[in-house]
Amino acid sequence: MQVLAIVGAYLYPADFDMTSKPTATSFTFPHRHLLGIEGLSAEDITGLLDLSEEFVVLNREVEKKRATLRGRTQINLFFEASTRTQSSFELAGKRLGADVMNMSVSTSSVKKGETLIDTAATLNAMHPDVLIVRHSASGAVELLARKIDCSVVNAGDGAHEHPTQALLDALTIRRNKGRIEGLTVAICGDILHSRVARSNILLLHRLGAQVRVVGPSTLLPRDIDRFGVDVHRDMKSGLDGVDIVMMLRLQRERMNGSFVPSVKEYFHYWGLDEAKLRYAKPDALVMHPGPMNRGVEIDSAVADGAQSLIREQVEMGVAVRMAVLDALSRNLPNA
Ligand code: NCD
């Protein structure tokens, strides 16, 4: 014992308490599904972020495999097109040892008129352990979760929530700024159609950040006052003194009227270029969930510039999704 204590004294600083410090690995996530940030406590969020850090390290190693989900089946059910989210969930599941199946909706019975509930019942019969769902209707993922026996993760439902995006954004911010609490974050552009904005507002508030939304009135939800954010209708005041500038894609596929006069005009007023970025703090960092419309909401010089965290967000996405799958797997039957 004494020898160990002596060795320990050389390996660790005197104030490092080896016994009482909880490791992320011992954290318990008290939920069966991840349907949104709403419903998560600050401890749940911090626990997931701490666990993600372990996967960031693992993902930079040559051998990236864990056996956490060995024998488990993960189905990615995407009713809406997705590049990074779907591939990120696929990699996350595979690195944890799950059998991952991507269910393509364009070739599925959904196109032939099968209802969401029928799809749920069909999938249920295949005994998946985790179902990752993206759907164009807000609330569809929660409905599915009520009809299916396995764990469900929301990969984006309509303009409602996209919890893993908010978690990966928080991880990226925390790694670069060292904290979330006390930061000022401006979320800019098409807030109205954005589930990313909603999940981020909830998470950033829960961890003690100040949130502003910046955009034209046509792209702000009518009930924006309920969100407890500061609303700015021009980029100069909106970006003034902020730590993080989070740009959103102009979601033209969700617009059925004229929300913006023209793309050129939108870029002029709302597109983030180097001149507008100077309104923010000199050490402000730029984020975008992707896919980016270069020259519409963001200029290439900023997207690829020294203040951009956009590539890092993609890296953090895999780690966060591994943490979510790992945390949920601890609550699976026979775990
Ligand atoms: C976002 C989404 O699908 O909500 N993208 C993503 O998940 N990376 C944002 C968007 O589509 O603009």
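All values reported here derive from a predicted model rather than from experimental measurement. (Residues numbered from 1 in each chain as written. Predicted model: local features only at pLDDT ≥ 70, side-chain atom pairs only at ≥ 80, totals over all residues. Heavy atoms only, no water.)

Peer 1: How do you make sense of the site of the ligand when you look at a structure like this?
Peer 2: The local shell around the ligand consists of R84, T85, R134, H162, Q165, R195, V196, R249, Q251, P289, G290 and P291. Taking 320 Å² as the accessible area of the ligand by itself, protein coverage stands at 95%. Those elements giving two or more residues to the shell around the ligand turn out to be α3 (84–95) and α7 (195–206). Looking at the shell around the ligand residue by residue, the class counts come to three nonpolar, five polar and four charged. (Near = heavy atom within 4 Å. Areas by Shrake-Rupley, 256 points an atom, 1.4 Å probe, with all protein chains shown as cover. Helix = DSSP H or I, 4+ residues; strand = E, 2+ residues; numbered from the N terminus. Nonpolar A, V, L, I, M, F, W, Y, C, P; charged D, E, K, R; others polar.)

Peer 1: Is there a simple way to think about helix α9 (residues 263–270) in this case?
Peer 2: Helical geometry: 3.6 residues make up each α-helical turn, so side chains three or four residues apart lie on a common side. Of all the positions in α9, only Y266, F267 and W270 are classed as buried. Burial along α9 is one-sided: seen end-on, the buried residues are contained in an arc of 100°. Seen from the open side of α9, the exposed residues pointing more than 90 degrees away from its buried face are K264 and H268. Buried positions along α9 lie against β6 (210–214), α8 (235–239), β8 (244–247) and α10 (274–277). (Buried < 20%, exposed > 50% of the residue type's maximum accessible area, 1.4 Å probe, protein only. Arc of directions from axis to C-beta. Contact = heavy atoms within 4.5 Å.)

Peer 1: Quick question: what am I supposed to make of the sheet that holds strand β3 (residues 130–135) here?
Peer 2: Backbone hydrogen bonds are what pair the strands of a sheet, in a parallel or an antiparallel way. Strand order across the open sheet formed by four strands is β2-β1-β3-β4, with parallel pairing between neighbours. Two strands bound the open sheet, and with one partner strand each, they are β2 (99–104) and β4 (151–157). Neighbour-to-neighbour, the strand axes of this sheet turn through a mean angle of 15°, independent of strand direction. Sheet analysis places strand β1 (residues 73–78) next to β2, joined by six bridges and oriented parallel. Across the sheet, Q74 pairs through a bridge with V100, a residue of β2. Across the sheet, helix α12 (residues 310–329) lies against β1, β3 and β4, angled at about 150° from β4, the strand it touches most. (Pairing = 2+ DSSP bridges. Axes fitted to C-alpha atoms, helices over the stretch in contact; angles between N-to-C directions.)

Peer 1: I tried to follow the packing of helix α2 (residues 42–59) against helix α6 (residues 163–177) on my own but got confused; where do I start?
Peer 2: Angle between the axes and distance between the axes: these two values describe a pair of packed helices. It is at 10 Å that the axes of α2 and α6 come closest, and there the two elements cross at 70°. Classified by the angle between their axes, α2 and α6 sit roughly perpendicular to one another. Here α2 contributes I45, T46, L48, L49, D50, S52, E53 and V56 to the contact with α6, which in turn contributes L167, A170, L171, R174 and R175. (Parallel < 35°, antiparallel > 145°, perpendicular 65-115°, else oblique.)

Peer 1: Got a minute to help me understand the nonpolar core in this structure?
Peer 2: Taken as a class, soluble globular proteins show a tendency for nonpolar side chains to be buried jointly. In this structure, L167 and I187 are the most contacted members of the largest nonpolar core, which totals 63 residues. For this core, the leading source of residues is α12, giving ten residues. Ignoring anything within four residues of it in the chain, the contact list for I187 reads A197, N200, I201, V211, R212, V213, V214, M246 and L248. Among the nonpolar cores identified, the runner-up in size contains 24 residues, and M235, M247, M255 and V286 belong to it. (Core = buried A, V, L, I, M, F, W, Y, C linked by side-chain atoms within 4.5 Å.)

Peer 1: Explanation requested: the packing of helix α4 (residues 116–124) against helix α5 (residues 140–147) in the structure shown.
Peer 2: In the contact formed by α4 and α5, the axes pass within 10 Å of each other and the chain directions differ by 45°. Our classification of the angle between α4 and α5 gives oblique. Here α4 runs over α5; the crossing is right-handed. Listed contacts from α5 to L116, I117, A120 and N124 of α4 are A140, L143, L144 and K147. (Left-handed = near helix turned anticlockwise from the far one by under 90°.)

Peer 1: So what exactly am I meant to see when it comes to the side chain of R198 here?
Peer 2: Position of R198 among the secondary structure elements: in helix α7. No salt bridge is formed by the buried R198. Its closest oppositely charged neighbour is D223, at 5.5 Å. With residues up to four places along the chain from it excluded, the contact list for R198 reads A159, H160, I191, L192, P221 and F227. (Lys, Arg positive; Asp, Glu negative; His and termini not counted. Salt bridge = Lys/Arg side-chain N within 4 Å of Asp/Glu carboxyl O.)

Keep in mind these values describe shape, not function.
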